[in-house]
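So the chains spell out like this:
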Amino acid sequence: MELSEETVLVDCSRLKSAVWKDFDRVKRGDTCVAVCKHCKKKLSGSSTSGTSHLRNHLIRCRRRNNHDVSQLLTSKRKKKEGSLTPVNYTYSHDHTKTDTPNLIRYEQAPLKDGLVNGTAGNFEYKRSRFDLARMIILHGYPLAMVEHIGFKVFVRKLQPLFELVTLDGVVADCKEIYVKEKQKVCEMLDELPGKISLSVDTWTAKGDGKYLCLTAHSVDDSWALRKKILSFIYVDPVQTEDVVSEIVMARLMEWDIDRKLFSMTCDSCSIHDSIVCKVREHLSQNRFLLCNGQIFEVRCAVNIIKIMVEDCLEALDSTICKIRESIRYIKSSQSIHEKFNEMVQEVGADSQKSLYLDNPANWNSTYTMLDVALEYREAFSRLQEHDFAYTMCPSDDEWSQASTITSFLKLFVEVATVFAGSKIPTANIYFPEVCDIHLQLIDWCQSRDELISSLSLKMKSKFDDYWKKCSLVLAVAAILDPRFKMKLVEYYYPQIYGGDAPDCVDIVSNCMRALYNGHDVYSTLASNSQVGGSDGGNDTRDRLTGFDRFLHETSQNQNVKSDLDKYLEEPLFPRNVDFNILNWWRVHTPRYPVLSMMARNILGIPMSKVSLDSVFDTGDRVLDQYRSSLSADTLQALICTQDWMRNGLEDSKSSSSSSALAICYDAN
């Protein structure tokens, strides 16, 4: 630095602050000035000014930062070649936002995996790569974003030491994370205190591709509902149902949960039937099924509602189209809307609701449209008399049929809303709602209207198939609700079965006891296995398994009340809005050790496999264009890992936000 005759360079060696390594202290008369060695900027160097402003300048000093980073990059570039490092890029401000930079030139300069020491601290390259992959997985970002030019520029500006990742590289990172997270899920499933229920869901990809999503449901040791996606399996259109069933069975064996399976929830379709049959056959051969598998196969409750809703909408299709077009016509201009309001005043329609145009993708919105339109039916008819351009008004018979079918839809909306609104969707909440549908179907079948009668019979036929497969498990789950026990079954069954009700109640009671006895034997064997786990007498314990069953059976004849007997004899628990059945069983586990084991398994059964946000959707679950284009193994890694990471976030909601981030971005 050139100094004038009037300036004096002050010796900085006596100054204790390390900041003076980057500044020259110059004295001009009575004033001291600090001159940056990198950019030559002059700041106050007085002893009374302190050094904070000098430190802040060094953080912002571009010449200093560029000099330090370039030194690090140069040293790394000599050791290894391979990565892209931007050397120069300029933007033209005359171009639009969608234009790419005028000049972007990259050089080869990879960085060593691991820890890089910089002036700003330690930079962990491998950790950052996994953070990037986890971010993509968690938020569902496209994998190709790592090759977007804007992303590359952003990363380089943010951290020049980060080696840009290729598409193949981020795919490999995502799969590595999937393998690590899968091991954690395996350990979690192995440590579960109870059984596992499985749900099978079908996803449709763009084109003719389909996927099967296998999800494990359980109640953990803290009595909280848990679910984890285990596999996302591509179904080749040329594969037979038997081949697909074999693939599903192989995946379950891979997870080593076949012996822990308690039930399977699926839809009413041939491929799901084949899968259930294959799994049931395997479990029966190994004697893993309780109660002879009477409650193993479960049909989705929301799915049967959707099937009946489809029948209703199909029967009313032409009338719905007329009502939809009528509303569009009225909303098409201000004058027509005003004329319709005049008709409303003339007929004296007493409604504060506005006409509503539905979204056909959500059947509850179609119900709302019909419900509102029915309140203005006379106004629609009056408008047709005064407006010759309006020709799509439904006839009186169509309005009458629409009124009846809308009452059907109202019940389905109410029931589905109960399912969707439940914070803890345990199996016990379904029995009264399904019974109400059953009773209404019996009543609707008595209608004198041919359309309504045929529609009701069609719906009841499909519902009966569901009831045949699920009535037992629905009833058992309701009995395990301490607010109802056997009383709810005894209340509904006479209304449903009439004179046959006592026999049907006995069937439920016998199933309940068979399940209890199975859990009792299982708990005895498990406790004996734990007691003798360290003495090495495996053969002796195996030979005495029959004795354990004999002891259990003979003890039933003694005057010793079982958990089940004590539970059923005690008074009902008062009904209240905030009742948490899982918390109740957690508290009462010491009193009912065997029955609580049974309650854990039963209440964890997913009576509906439809996510709460898609209860009212009319179509199947569909993969978007991006995910449909991915390979099967990559897609499975992304979907499964995203589910596991999001579950981890939900579990950590009670913790601080930093704890939640630590769970999601733990690279280890």
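Residues numbered from 1 in each chain as written. Predicted model: local features only at pLDDT ≥ 70, side-chain atom pairs only at ≥ 80, totals over all residues. Heavy atoms only, no water.

The name given to the protein in an unreviewed UniProt entry is Transcription factor/ chromatin remodeling BED-type(Zn) family, and the organism recorded there is Helianthus annuus. As its UniProt record puts it under Subcellular location (unreviewed entry), the protein is described as follows: "Nucleus". (UniProt positions renumbered as here; feature names shortened; annotations may be inferred.)

## Brief notes about the overall build of the protein
Counting secondary structure elements, the protein contains 25 helices and 14 strands. When burial is assessed residue by residue, the protein has 46% of its 668 residues classed as buried. Look at the contacts in the protein between residues 6 or more apart in sequence, and 67% of them connect residues 24 or more apart. On the protein, roughly 35,200 Å² of surface is accessible, and the fraction owed to carbon and sulfur atoms is 49%. (Helix = DSSP H or I, 4+ residues; strand = E, 2+ residues; numbered from the N terminus. Buried < 20%, exposed > 50% of the residue type's maximum accessible area, 1.4 Å probe, protein only. Contact = heavy atoms within 4.5 Å. Areas by Shrake-Rupley, 256 points an atom, 1.4 Å probe, with all protein chains shown as cover.)

## Focus: the pattern of salt bridges
A complete count under the given rule lists 32 salt bridges for this structure. Between Arg-324 and Asp-358 there is a salt bridge whose closest N-O contact spans 2.9 Å. Here the residue Arg-324 occupies a position in helix 9 (residues 317-330), and Asp-358 occupies one in the loop between helix 10 (334-347) and helix 11 (363-375), the gap between them amounting to 34 residues. Across the pair, exposure class does not vary: Arg-324 and Asp-358 are buried alike. A salt bridge links Arg-382 to Glu-385; the shortest N-O distance between them is 3.9 Å. With a gap of 3 residues between them, Arg-382 and Glu-385 both fall in helix 12 (residues 377-386), about one helical turn apart. By relative accessible area, which is 26% here, Arg-382 ends up partly exposed. We classify Glu-385 as exposed; its relative accessible area is 55%. Here the salt bridges share partners, and the residues they tie into one network are Asp-273, Arg-280, Glu-297, Arg-299, Asp-465 and Lys-469. (Salt bridge = Lys/Arg side-chain N within 4 Å of Asp/Glu carboxyl O.)

## Looking at unusual backbone geometry
Peptide bonds are, in most cases, trans, and in most cases residues other than glycine have a negative phi. The backbone of Asn-292 sits at a positive phi, close to 55 degrees, despite the residue not being glycine. Mapped onto the elements of the fold, Asn-292 is located in the loop between helix 7 (270-285) and strand 13 (297-299). Positive phi, normally seen in glycine, also occurs at Lys-485, with a value near 50 degrees. You can see Lys-485 is positioned in the loop between helix 15 (450-479) and helix 16 (486-497).

## With respect to the pairing of strand 10 (residues 210-219)
Strand 10 sits mainly inside the fold: 9 of its 10 residues count as buried. Pairing of strand 9 (residues 196-204) with strand 10, which is carried by 8 bridges, proceeds in the antiparallel orientation. Residue pairing across strands places Ser-199 opposite Thr-215, the latter belonging to strand 10. Two elements, strand 10 and strand 11 (residues 225-235), share 10 bridges in a ladder whose sense is antiparallel. What sits directly across from His-217, in strand 11, is Lys-227. (Pairing = 2+ DSSP bridges.)

## Considering the packing of aromatic side chains
Here the structure, examined in full by the defined rule, presents 30 aromatic pairs. Ring plane angle 75 degrees and centroid distance 5.0 Å describe the contact between Tyr-493 and Tyr-497, whose orientation is recorded as edge-to-face. Taken together, the positions of Tyr-493 and Tyr-497, both in helix 16 and 4 residues apart, correspond to about one turn of that helix. Relative accessible area serves as the criterion here: at 2%, Tyr-493 is assigned to the buried category. By relative accessible area, which is 27% here, Tyr-497 ends up partly exposed. (Phe/Tyr/Trp six-rings, centres within 6.5 Å; stacked < 30°, edge-to-face > 60°.)

## Some words on the environment of Val-33
Turning to its location among the elements, Val-33 is positioned in strand 3 (residues 31-36). Its relative accessible area of 15% is what places Val-33 among the buried residues. A sequence separation of 12 residues divides Val-33 from Gly-45, and the C-alpha atoms of the two residues are 4.2 Å apart. Non-local contacts of Val-33, meaning those with residues more than four positions away in its chain, are made with Asp-24, Arg-25, Val-26, Lys-42, Leu-43 and Gly-45.

## Side note on a negative patch on the surface
On the surface, Glu-187, Asp-190, Glu-191, Asp-221 and Asp-256 cluster together to form a negatively charged patch. Considering the arrangement of structural elements, one finds Asp-190 in helix 5 (residues 167-190). Of the residues examined, Asp-190 reaches a relative accessible area of 59% and is grouped as exposed. (Patch = residues over 30% accessible without salt bridge, like charges linked within 9 Å, V, L, I, M, F, W, Y side chains within 5 Å. Lys, Arg positive; Asp, Glu negative; His and termini not counted. Charge placed at Lys NZ, Arg CZ, Asp CG, Glu CD.)

## Brief notes about the side chain of Asp-267
Relative to the assigned elements, Asp-267 resides in the loop between strand 12 (261-266) and helix 7. The contact partners of Asp-267, leaving out residues within four places of it in the chain, are Asp-201, His-272, Asp-273, Arg-299, Cys-300, Asn-303 and Lys-609.

## Points about the nonpolar core
With 112 residues, the main nonpolar core has Phe-380, Phe-412, Phe-431, Tyr-493, Trp-585 and Ile-602 as its most contacted residues. Of all the elements, helix 15 adds the most residues to this core, at 15 residues. Residues within four places of Tyr-493 in sequence aside, it is in contact with Phe-431, Trp-467, Ser-471, Ala-475, Gly-498, Ala-501, Cys-504, Val-505 and Val-508. Counting residues in hydrophobic clusters, the runner-up holds 65 residues, among them Cys-213, Phe-232, Cys-266 and Ile-275. (Core = buried A, V, L, I, M, F, W, Y, C linked by side-chain atoms within 4.5 Å.)

## As for the packing of helix 10 against helix 12
It is at 9 Å that the axes of helix 10 and helix 12 come closest, and there the two elements cross at 120 degrees. Classified by the interaxial angle, the pair formed by helix 10 and helix 12 is oblique. Where helix 10 crosses over helix 12, the handedness of that crossing is right-handed. Listed contacts from helix 12 to Lys-339, Phe-340, Met-343, Val-344, Glu-346 and Val-347 of helix 10 are Glu-378, Ala-379, Phe-380, Arg-382, Leu-383 and His-386. (Axes fitted to C-alpha atoms, helices over the stretch in contact; angles between N-to-C directions. Parallel < 35°, antiparallel > 145°, perpendicular 65-115°, else oblique. Left-handed = near helix turned anticlockwise from the far one by under 90°.)

## Observations concerning helix 12
Every buried residue of helix 12 is accounted for by Ala-379, Phe-380 and Leu-383. End-on, the buried residues of helix 12 take up no more than an arc of 105 degrees, which puts them together on one face. Facing away from the buried side of helix 12 by over 90 degrees, the exposed positions are Glu-378 and Glu-385. On the buried face of helix 12, the contacting elements are helix 9, helix 10, helix 11 and helix 13 (396-421). (Arc of directions from axis to C-beta.)

## What about the packing of helix 8 (residues 301-315) against helix 15?
Helices that pack against each other are described as a pair by the angle of their axes relative to one another and the distance between those axes. At their nearest, the axes of helix 8 and helix 15 sit 10 Å apart, and the two run at 165 degrees to each other. The angle between helix 8 and helix 15 places the two elements in the roughly antiparallel class. Judged by the twist between their axes, the crossing of helix 8 over helix 15 is right-handed. Listed contacts from helix 15 to Ala-301, Ile-304, Ile-307, Met-308, Asp-311, Cys-312, Glu-314 and Ala-315 of helix 8 are Leu-451, Leu-455, Lys-458, Met-459, Lys-462, Phe-463 and Tyr-466. Along the lines of polarity and charge, the residues of the contact of helix 8 with helix 15 split into 11 nonpolar, no polar and 4 charged. (Nonpolar A, V, L, I, M, F, W, Y, C, P; charged D, E, K, R; others polar.)

## Considering the state of the cysteines
This structure, assessed with the given rule, holds 0 disulfides. With no disulfide of its own, Cys-269 lies closest to Cys-266 among cysteine sulfurs, the gap being 7.1 Å. (Disulfide = S-S within 2.5 Å.)

## Regarding the environment of Ala-315
Within the secondary structure, Ala-315 sits in helix 8. The class for Ala-315 is partly exposed, based on a relative accessible area of 28%. Between the alpha carbons of Ala-315 and Leu-455 there is a distance of 7.2 Å; along the sequence they are 140 residues apart. Once residues lying within four places of it in the same chain are set aside, the contact partners of Ala-315 are Ile-405, Leu-451 and Leu-455.

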